[in-house]
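Each chain is listed here by its residues.
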Amino acid sequence: MLYFLLQPLARDVRVLNLLNYITFRATAAFVTALLLCFVFGPLIIRRLQAMAVHQVVRAGTPDSHAGKGTTPTMGGIIILVATFIPVLLWARLENRYVLLAMAVTAWMGVIGFLDDYLKLKQKREGLKNEGLVERYKLAGQVICGLGLGAYLLLDPISTLPGASTTLPFFKYVLVVPAVAWAAWLYIPWVTFILTGVSNAVNLTDGLDGLSSGLVAIAVLTLGIFAYLIGRTDTSGHLLIFYMAGAGELTVFCAAIVGACLGFLWYNAHPAQVFMGDTGSLALGGAVGAIAILLKSEFLLLFVGAVFFAETMSVILQRTVFKYRRRRFGLEYAQKNRVFLRAPLHHHFEMKGWPETQVVIRFWIIGILCAFLALSTLKLR
């Protein structure tokens, strides 16, 4: 918005030429997001406390989490406010990369909000706190994925084919369908990525500051890729595909990083507020959407390695438990689990690691994975 309002004045006010630089607007979006968290964060937290919007402690979590039942949730509202306002102010709003990323984030945020709201309503009515029925939540995510996949297939936003993706470590290698009809498989592919990543971030959101910190690391890394892919000089030097307009996603990424770090101010242990599904599903959708728009879905194996490990721990735990229960009986299955608790962060808690130690060590792993992702730019 500010770009369109002030850029025409750049001829007379030379300092406004800064608006032509993505780096300047990305920095401004980051700072704006951070300040919005500091301004609106306490107001939103007090409102959530007054409404008694308390966290629903998931079944199977360690006993040390019992006291978190009085901590307000739905703090993802802070993240969404601190993300969308800076993007609306500093991004070029005619850019389809930004518009699609915002649409996916908002859609996933609405699904998460409905889930959190229904949990609150059911709790007040003395019902089981299940929130939004699982199949309805999944249906909402799938619809979002199908919509994004169909749009990118039928109306590509870059010079690359709609049904295509790139591979890390390979220069100018584009994966495309072998036959024309197989292009439609791109739609379920996008749906799988978007649904998987949003649920992975949701599963990871179990410790104070864990998800917000990891998402900030992941999105910062993706923001660097967006900036490099969106420039003809850097993309040519690094032997990666140039995608005109993709650099504008850097502003969106910077806003999310600022919002996550600002939210972390209140979410660090001991947390004053939790993001809830409102935040985790929205952030997961944002991470997935950015990777899809940049044709870098396989990069998520590095950028989202911790999220992937958390998800696989749940899948492995449930699969092995069901098999052993069927084969050896319930008692044997309960005594011989793969992990002490799932997701993975609870396993380490049960092994005696303090919550803050688990979070910081997972952050360190996330940073290491981010550097591995960045190394793919040169190792080609």
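Computed from a predicted model, the values in this text were never measured in an experiment. (Residues numbered from 1 in each chain as written. Predicted model: local features only at pLDDT ≥ 70, side-chain atom pairs only at ≥ 80, totals over all residues. Heavy atoms only, no water.)

1. Describing the packing of aromatic side chains
Part 1: By the definition in use, this model includes 9 aromatic pairs.
Part 2: Ring centres of F38 and W265 lie 5.4 Å apart, and the angle between their planes is 70°; this geometry places the pair in the edge-to-face category. Of the two residues, F38 is situated in helix α2 (residues 22-50) and W265 in helix α9 (residues 249-267); the sequence distance between them amounts to 227 residues.
Part 3: Ring geometry for F169 against F302: centres 5.7 Å apart, planes inclined by 75°, an arrangement best described as edge-to-face. Remark: F302 occurs in helix α11 (residues 300-303) and F169 occurs in the loop between β1 (165-166) and β2 (174-175); sequence separation between them is 133 residues.
Part 4: Taking relative accessible area as the criterion, F169 reaches 33% and is therefore assigned partly exposed.
Part 5: In this structure an aromatic cluster arises from ring pairing among F348, W353 and F362.
Part 6: Positioned over the ring face of Y136 is R135, at 5.1 Å from the centre of the ring. (Phe/Tyr/Trp six-rings, centres within 6.5 Å; stacked < 30°, edge-to-face > 60°. Helix = DSSP H or I, 4+ residues; strand = E, 2+ residues; numbered from the N terminus. Buried < 20%, exposed > 50% of the residue type's maximum accessible area, 1.4 Å probe, protein only. Lys NZ or Arg CZ within 6 Å of the ring centre and 35° of its normal.)

2. Comments concerning unusual backbone geometry
One can expect most non-glycine residues to show negative phi and most peptide bonds to be in trans.
Part 1: Look at the link from H269 to P270: it is a cis peptide, with omega at -10°.
Part 2: Relative to the helices and strands, P270 is located in the loop between α9 and α10 (276-293).
Part 3: In this structure, the amide linkage connecting A342 to the following residue, P343, adopts the cis form with an omega of 5°.
Part 4: Topologically, P343 is positioned in the loop between α13 (330-335) and α14 (344-350).
Part 5: Positive phi is not limited to glycine here, since L239 has a value of about 60°.
Part 6: Take L239: it is sitting in the loop between α8 (232-238) and α9.
Part 7: The backbone of K295 shows a phi angle near 55°, a positive value even though the residue is not glycine.

3. Some details on the pattern of salt bridges
Opposite charge on two side chains allows them to pair when their charged atoms are near.
Part 1: One pass over the structure, following the stated rule, counts 7 salt bridges.
Part 2: The partner of R96 in a salt bridge is D155, and the shortest N-O contact between them spans 2.9 Å. Taken together, the residues span a long stretch of sequence, with R96 in helix α4 (residues 96-124) and D155 in the loop between α5 (134-154) and β1 at a distance of 59 residues.
Part 3: A salt bridge links E331 to K335, with the shortest nitrogen-to-oxygen separation between them at 3.1 Å. Residue E331 and its partner K335 are both found in helix α13; the two are separated by 4 residues, about one turn of the helix.
Part 4: Here K335 falls in the exposed class, since its relative accessible area comes to 63%.
Part 5: Linked through salt bridges whose partners overlap, the residues forming this network are D115, K137 and D277. (Salt bridge = Lys/Arg side-chain N within 4 Å of Asp/Glu carboxyl O.)

4. Quick word on the side chain of S164
Part 1: By secondary structure assignment, the location of S164 is in the loop between α5 and β1.
Part 2: Exposure remark for S164: the relative accessible area of 2% places this residue in the buried category.
Part 3: At 2.5 Å, the side chain of S164 and the backbone oxygen of P161 are in polar contact.
Part 4: Those residues in contact with S164, other than ones at most four positions away along the chain, are L174, V175, V176, Y186 and K295. (Polar contact = N/O pair within 3.5 Å; in protein donor to acceptor, adjacent residues only side chain to side chain. Contact = heavy atoms within 4.5 Å.)

5. Describing α10
Part 1: The terminal C-alpha atoms of α10, which comprises 18 residues, lie 26 Å apart, in line with the 26 Å expected from a rise of 1.5 Å per residue.
Part 2: Summarising burial for α10: 18 of the 18 residues are buried, a large majority.
Part 3: Once α10 ends, the next one or two residues include K295, with phi positive near 55°. (Expected span 1.5 Å × (residues − 1).)

6. Brief notes about the state of the cysteines
Part 1: Within this structure, the stated rule accounts for 0 disulfides.
Part 2: No disulfide involves C260; its nearest neighbouring cysteine sulfur is the one of C37, lying 8.5 Å away.
Part 3: The thiol sulfur of C369 is not disulfide-bonded, and the nearest other cysteine sulfur, from C260, lies at 17 Å.
Part 4: Its relative accessible area of 10% is what places C369 among the buried residues. (Disulfide = S-S within 2.5 Å.)

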